[in-house]
Amino acid sequence: MSVIRIELPQHLRTLSGAEREITLEVQGVVSIKSALDALEARYPTLKGTVRDQGTLERRAFLRFFVCEEDWSHEPTEKPLPEAVAKGREPLLIVGAIAGG
Amino acid sequence: MSGVRVLVGTKKGGFVLTSDGRRDRWEVSGPHFAGWEIYHMKGSPVNPDRIYASQSSGWFGQVMQRSNDGGNTWEPVGNKFAYEGETGTHQWYDGTPHPWEFKRVWHIEPSLTDADTVLAGVEDAALFKSTDGGMNWTELSGLRKHGTGPKWQPGAGGMCLHTVIQDPADAQRIYIAISAAGAFRTDDGGQTWKPINKGLRSQYIPDPNAEVGHCVHHIAMHKSRPGTLFMQKHWDVMRSDDAGDNWTEVSGNLPTDFGFAIDVHAHEPETIYVAPIKSDSEHFPLDGALRVYRSKSGGHEWEPLTKGLPQKDCYVNVLRDAMAVDSLDKCGVYFGTTGGQVYASADAGESWAPIVRDLPAVLSVEVQTLS
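Residues numbered from 1 in each chain as written. Chains lettered and ligands numbered in written order. Predicted model: local features only at pLDDT ≥ 70, side-chain atom pairs only at ≥ 80, totals over all residues.

**Student:** How would you summarise the overall build of chain B if you had to cite specific residues and measurements?
**Tutor:** When helices and strands are tallied, chain B shows zero helices and 30 strands. A compact globule built from 371 residues would reach a C-alpha radius of gyration of about 21 Å, and chain B, at 19 Å, matches this within 12%. Structurally, chain B occupies a C-alpha span of about 50 × 45 × 40 Å along its principal axes. With 371 residues in all, chain B has 53% of them scored as buried. Residue pairs in contact within chain B that sit at least 24 positions apart in sequence constitute 50% of those at least 6 positions apart. (Helix = DSSP H or I, 4+ residues; strand = E, 2+ residues; numbered from the N terminus. Rg over C-alpha atoms; globule rule 2.2 N^0.38 Å. Buried ≥ 20, exposed ≤ 12 C-beta atoms within 10 Å, placed from the backbone. Contact = placed C-beta atoms within 7 Å.)

**Student:** Break down the sheet that holds strand β30 (residues 362-370) of chain B for me, citing the residues and quoting the values.
**Tutor:** Residues and elements named next belong to chain B. Spatially, β3-β2-β1-β30 is the arrangement adopted by the four strands of the open sheet, whose pairing is antiparallel. Two strands close off the open sheet at either side, each with one partner strand: β3 (27-32) and β30. Direction aside, the axes of adjacent strands within the sheet are offset by 15° on average. As paired strands, strand β1 (residues 3-10) and strand β2 (residues 13-20) are joined by eight bridges and run antiparallel to one another. Bridge pairing in β2 places Gly3 opposite Asp20. (Pairing = 2+ DSSP bridges. Axes fitted to C-alpha atoms, helices over the stretch in contact; angles between N-to-C directions.)

**Student:** Provide a residue-level description of helix α2 (residues 32-42) of chain A, including the pertinent values.
**Tutor:** Listed as buried for α2 of chain A are Ile32, Ser34, Ala35, Leu36 and Leu39 of chain A. Those residues of α2 of chain A hidden inside the fold are in contact with β1 (2-7), β2 (21-26), β3 (62-66) and β5 (91-95) of chain A.

**Student:** Please set out the nonpolar core residue by residue, giving values where relevant.
**Tutor:** Membership of the largest hydrophobic core comes to 129 residues, with the highest contact counts inside it found for Ile219, Tyr334 and Val342 of chain B. If we skip the residues at most four places from it in the chain, Val342 of chain B touches Val6, Val8, Leu17, Tyr334, Gly336, Pro354, Ile355, Val356, Leu359, Val362 and Val365 of chain B. (Core = buried A, V, L, I, M, F, W, Y, C linked by C-beta atoms within 7 Å.)

**Student:** Can you break down unusual backbone geometry residue by residue, with the values?
**Tutor:** All names here are of chain B. Residues Glu123 and Asp124 are joined by a peptide bond in cis, for which omega reads -10°. Topologically, Asp124 is positioned in the loop between β11 (118-123) and β12 (126-130). The omega angle of the peptide bond from Ser179 to Ala180 is 0°, so this bond is cis rather than trans. Within the element layout of this structure, Ala180 appears in the loop between β15 (174-179) and β16 (182-186). Even without glycine at this site, Arg23 takes up a positive phi of about 60°.

As structure tokens, this is what we get:
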């Protein structure tokens, strides 16, 4: 079991009642998918807001950043860096800059 | 004492406006769900404290909210809108096939008899139903699977199912409208549907008998005459006296018959209101003068209602779900604008005053009459 950190954008904090940074326990390999599974299990109101509930695809205007790298287009089951799996660095869920 | 609660959905949140029966002093609460688009909020006619809200965002998708205390507090409910079976394709703007994709809930229609039962009209066009207060949603897929589905095409705002009307005299009969597929009716509770567009004429459709393809903007009905429908089409104001089987134009002396909103007086089933807009390419009032038009004869003959409304330099729009009436005596009429004003008339449209002037662009207005 790993204890990871996730940072949420403001609207998802308001919706879920979570803090900006939350700590979650993840079973098995720590990946984008397992992290989001744990996030949605803790905060069911976030289902459908980060990824589609049917396809599990990332919503188009959200991005995942890890250790200052954009992981938005990486396979969601790819293991995240050890720094994230060990809780030293957070997984950032960021709303893309769009609109004017 | 009686009162009213006005539910206002805007581009950046929801607002609840309340007043006593005099309707001259208002309290404003909100924004609820600040920063999100609130396409629609509507209360249950069975339990007015039960209100549903459609909350959406280009970033975070669709969320549904429910209140059990008249809009003071809210709880998220189910937001999984999964089309049933093969989704197939509809036409894209260029006429090519395009897969059905869920985007948002445009309109919420609570049941007339059960506070936990509610219908939701969505984009891409489909009708969903919940019987557990919005926790779970099931598609009434007979509509989307109507044989004409592959011919449906989005209007400029998307392929949205924006109007849902339940027949108070027949629980099995529901009317819906889609831009730009047209109007449909079910007589078996949503299992099967028929297009009801006979008599509609649209310049961009060469076939005068086209079954679907019309850009219906909104439909209104008076509860005492569920077989009579009034429609604001893209262009043309129409009426039907046979449950939508046949339509006739009643634009009459309107200065322009383009528009989005239409509604019926609460106590006079032949008194109807529209908010004419200049044209399909200029979505603002004619001559910069904001005028509601009223017909007391079910159409054909219209009078402008201007007292209290800006008569120069006004270039706002009134969207399809942004007009509503209360059922007090005299009937109150309300509408919201893309400029953020919500206007109210406590005398059936004779005079108007803004309740609020500076909200985000108003997407929808619903009114609850409270006893």
